[in-house]
Amino acid sequence: MYRTALRNVLAHKARLLMTTLAVLLGTAFVAGTLVFTDTLGSALKSQNAKSFTGVTVSVSDDGAVSNGYSRGARRSDAGHLTEQTRQAIAALPGTAEARGVVSGFAGIADRKGALIGDGFSTTGTNYVPGADGQDARYPLAGGHGPTSAGELALDTETARKGGYQVGDTVRVAVNGPVMQLKLTGLLHVDDPRVTAGGSLAAFDTATAQRLYLTPSQFNEIDVHAKPGTDASALLGQVRRLLPGNGDFTAQTGQELAAEQDRQISAATKGLSASLLVFAGISLFVGVFIIANTFSMLVAQRTKELALLRAIGASRRQVGRSVLIEALLVGLLASAAGLLAGTGIAAGLRWVLNGPGQANLPDGPLIVSASTVLTALAVGVLVTLLAAWLPARRAGRIAPVAAMSNGDQPATPKSLLVRNTIGAVIGAAGAALLVLGASNRSTNTVGLGAGALLIGVFVLTPLLSRPLIALLAPALQRIYGSPAKLARENALRNPRRTAATASALTIGVTLITALTVVGASVNRAVDQADGTDLKADYTVAMQNFAQLSDQVGPQIAATSGVSASSVVRQVPVEVGDDTRWITGVDPNSIGELAALRTTAGSPDALTHGQLLVDQGYVKANGTAVGDVLTVVYPDGSAGRLTIGGIVADNTVVDGLLAPDQLIAPHSAGQGPDKVLVKGVHGADPALKQALQNATGGNPLIAVKDQADLKKEHRQMLSAALNIMYGLLGMSVVIAVLGVVNTMAMSVFERRREIGMLRAVGLDRRGVRRMVRLESLLIALLGGVLGVGLGILTAWAGNGTIAGSFKHLGTVVPPLPVLGFIAAAALVGLLAAVWPARRAARLDVLEAIRTG
């Protein structure tokens, strides 16, 4: 039987080609994911180790406010890392050097005033020269380090992008007006935030402290020990020198490096898990193709298998021979997929290291033993699992079937059992979808969607008849007899048609669901911006950091501004909970945001009282007149009276208070944004005036309502495009399934095609018949996928309804019709080769050997 299995694989290698490709592609996705994430993690860890070379002990101030990035409840009386602390650590007998580090962000403008980098990795720090005048952490590539307030150094790549050379004047900004500084040096940098497309600006220490902290304060102190000094002992000595009322993290360099390695591992594992989900979808689609292929092979070899039974082979031996064929196919395809996946990972790294890309750190390609074993195991197990039912059916072929012809039809009992099981699973899935949508449970919706999808797959042979009957008449009116034959062929074996269509249904379902959810969220955001936001412009940092306190008054004084208000969010402690409270201008916020009072006084803010939204009231059971005792970020306490309740608003939500009450206790936290109303509405002159008022800071963006809507759409579109791309592999595998089914169908219907040719059907008619059959199967998968996708999206929207005001299910007609049209195109393209092959069959040879 083993020789028989090997002979069958070799004899049917052409018919197994598409199955092999399906397993290969799915396995390549798995292997490529594992190789790429392992390679990325190894390279990042190697670079991380270099970053901590020479760091024996590191102390960081976890609560230091650094130009707008601190969002914690920092107390004003807490201690900080100061120059005095650094000097005390430097005086320890085991210390060779104690380096004070200041960090924040700094936007660099090119010669046209545009920001260099993405805004999120625009790093600013201090340059700490040693005895030789150079900073060992940032080796000089040219010039010298900054020594005064009017100087800075840049990393070489940022200088190249901006067209700057040593001696040029560079426009730099943090969260306030632009500074004009002289470029004194160029630096070599291995910080991944910078090498991945960010920028680095280095100032002298005093300037960096003035920009980011306060004079003599540091974010971090790194200690380099003398030879022979025990790191743990030095760590204990350093801890004893830290201010007792501060919020510090002190670790050895090894502990810090290990912690960073753990974070890198967690990040790469998260990336790997996300990608493997899509790899799993591709493999799941492949299961249908493999099962379909082996089912068709078993049907085509009914006589052969029955003869084996007749000469003494047992059911187990016959079934085992089919599984051995699957094992051989799985091993071959998995090995090829492993090689292809390794090549994909290498190519992806090369692409990401190209011009303008992420510039990943260098390192060897990591192909671990676990990756090899995982790829091979996944490919083989998926193939064996998919071939199990065909193998079981093969074992049930009776010896008397040697005298029959073709596939054995399913019994009425088996069809009844199948349809009953499918109906029960589908109904359970639909019920779970409704329950999850009403309870806003993502897990329940996911479970329901999976159950519904499986139920529909089981029922597809039953559903295929009415759906194909609905689609076919239009084709028959246009194409006549070939369309009628195509319809009959598609309905001849509903299970085969269903398995082929189901592979395509999976991809269409997921893509449709994503598209409908995206359209629904976009509509909700647009409506919220249109109804809740009355301001013409929003001024905020591009990296979502906080603005300088100077920006609010500068904008208010700008010509053409009729009303403006800062929006400052700070965390406060209310009882045992931490809540966000938003400070606004009580006199103008009503002109900038739609605050609809449902209880209490709409003028509560002007009287120094709180406004709370309905969501907060519902969650906490508060009412107008209640007094909240809050603890501000600076540690002081206050009592705020609820003066009114407003409808939920996407611009300002939760607790709303006059900014003059919040700002003095914010512990240095600046406004998140400034809302602006123009005298003449939104116009280009006012926008330019607002940009000028901020000093032309490249990090500060001035956006009107159209810009905000566009930004939201672009962010969502980018996420959807990534998922579309990852789902593309499953669609490719589904296409291979259609090609495979049609090709094998042509092979097993050679005599029939020969007879049709003999009675007058020409080559064009044969090609048309095969293409239309493929078209009907693809349309069946597309229509089912669109319907399931819309239903899944509706339930998914229910789980996120609390996060988006006005969220409803929006079905965009053009994309949905486009998906059905794309499915039809897939069917036509997949049939090109099988149709050509069918049309070229020799009539007499086909009749004789069919």
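Definitions and cut-offs
Residues numbered from 1 in each chain as written. Predicted model: local features only at pLDDT ≥ 70, side-chain atom pairs only at ≥ 80, totals over all residues. Heavy atoms only, no water. Helix = DSSP H or I, 4+ residues; strand = E, 2+ residues; numbered from the N terminus. Buried < 20%, exposed > 50% of the residue type's maximum accessible area, 1.4 Å probe, protein only. Polar contact = N/O pair within 3.5 Å; in protein donor to acceptor, adjacent residues only side chain to side chain. Contact = heavy atoms within 4.5 Å. Phe/Tyr/Trp six-rings, centres within 6.5 Å; stacked < 30°, edge-to-face > 60°. pLDDT = per-residue confidence, 0-100. Salt bridge = Lys/Arg side-chain N within 4 Å of Asp/Glu carboxyl O. Axes fitted to C-alpha atoms, helices over the stretch in contact; angles between N-to-C directions. Left-handed = near helix turned anticlockwise from the far one by under 90°. Nonpolar A, V, L, I, M, F, W, Y, C, P; charged D, E, K, R; others polar.

Caption draft 1: View of the side chain of Asn797. On the secondary structure map, Asn797 appears in helix 23 (residues 763-799). Judged by its relative accessible area of 4%, Asn797 is buried. Polar contacts involving the side chain of Asn797 include one to the side chain of Thr809, which spans 3.2 Å. Aside from chain neighbours lying at most four places away, what touches Asn797 is Val517, Ser520, Leu807, Gly808 and Thr809.

Caption draft 2: Quick peek at the packing of aromatic side chains. On inspection of all chains with the given rule, the structure shows 4 aromatic pairs. With centroids separated by 5.0 Å and ring planes inclined at 75°, the aromatic side chains of Phe288 and Phe457 adopt a geometry described as edge-to-face. One end of the pair, Phe288, is in helix 8 (residues 253-300); the other, Phe457, is in helix 13 (residues 442-479), with 169 residues separating them in the sequence. For the residue pair Phe288 and Phe457, the accessibility class agrees, reading buried in each case. Taken together, the aromatic side chains of Phe284, Phe288 and Phe457 make up a single cluster linked through ring pairs.

Caption draft 3: Spatial organisation of unusual backbone geometry. The phi torsion at Ser216 lies on the positive side, around 70°, for a residue other than glycine. Mapped onto the elements of the fold, Ser216 is located in the loop between helix 6 (205-212) and strand 12 (217-218). Positioned with a positive phi, Arg440 is a non-glycine residue whose angle comes to about 55°. Considering the arrangement of structural elements, one finds Arg440 in the loop between helix 12 (412-439) and helix 13. Of the residues examined, Arg440 reaches a relative accessible area of 49% and is grouped as partly exposed.

Caption draft 4: The confidence of the model for the protein chain, seen in detail. Averaged over every residue, the pLDDT of the protein chain is 85; residues scoring 70 or more account for 93%. Here residues 68-77 scores under 50 on pLDDT; set against residues more than four positions off or in separate chains, the count is 38 contacts.

Caption draft 5: Representation of the pattern of salt bridges. Enumeration over the complete set of coordinates arrives at 13 salt bridges. Asp532 serves as the salt-bridge partner of Arg596, at 3.3 Å between the closest nitrogen and oxygen. Residue Arg596 is found in the loop between helix 17 (589-592) and strand 18 (597-600), and its partner Asp532 is found in helix 15 (residues 494-532); the two are separated by 64 residues along the sequence. For the salt bridge of Arg568 with Asp659, the shortest nitrogen-to-oxygen distance reads 2.8 Å. Taken as a pair, Arg568 in strand 16 (residues 561-574) and Asp659 in helix 19 (residues 659-662) lie far apart in primary sequence, 91 residues in all. Take Arg568 and Asp659: they sit in the same class, and that class is buried. In the salt-bridge network here, residues are joined through shared partners; they are Asp549, Arg568 and Asp659.

Caption draft 6: Structural detail: the packing of helix 13 against helix 15. Interhelical geometry of helix 13 versus helix 15 gives an angle of 120° and a closest axis separation of 9 Å. Crossing of helix 13 against helix 15: the hand is right-handed. Side by side, helix 13 and helix 15 meet where Leu453, Phe457, Thr460, Pro461, Ser464, Arg465 and Ile468 of the first sit next to Pro494, Arg495, Thr497, Ala498, Ser502, Thr505, Ile506 and Thr509 of the second. Split into classes, the residues belonging to the contact of helix 13 with helix 15 amount to 7 nonpolar, 6 polar and 2 charged.

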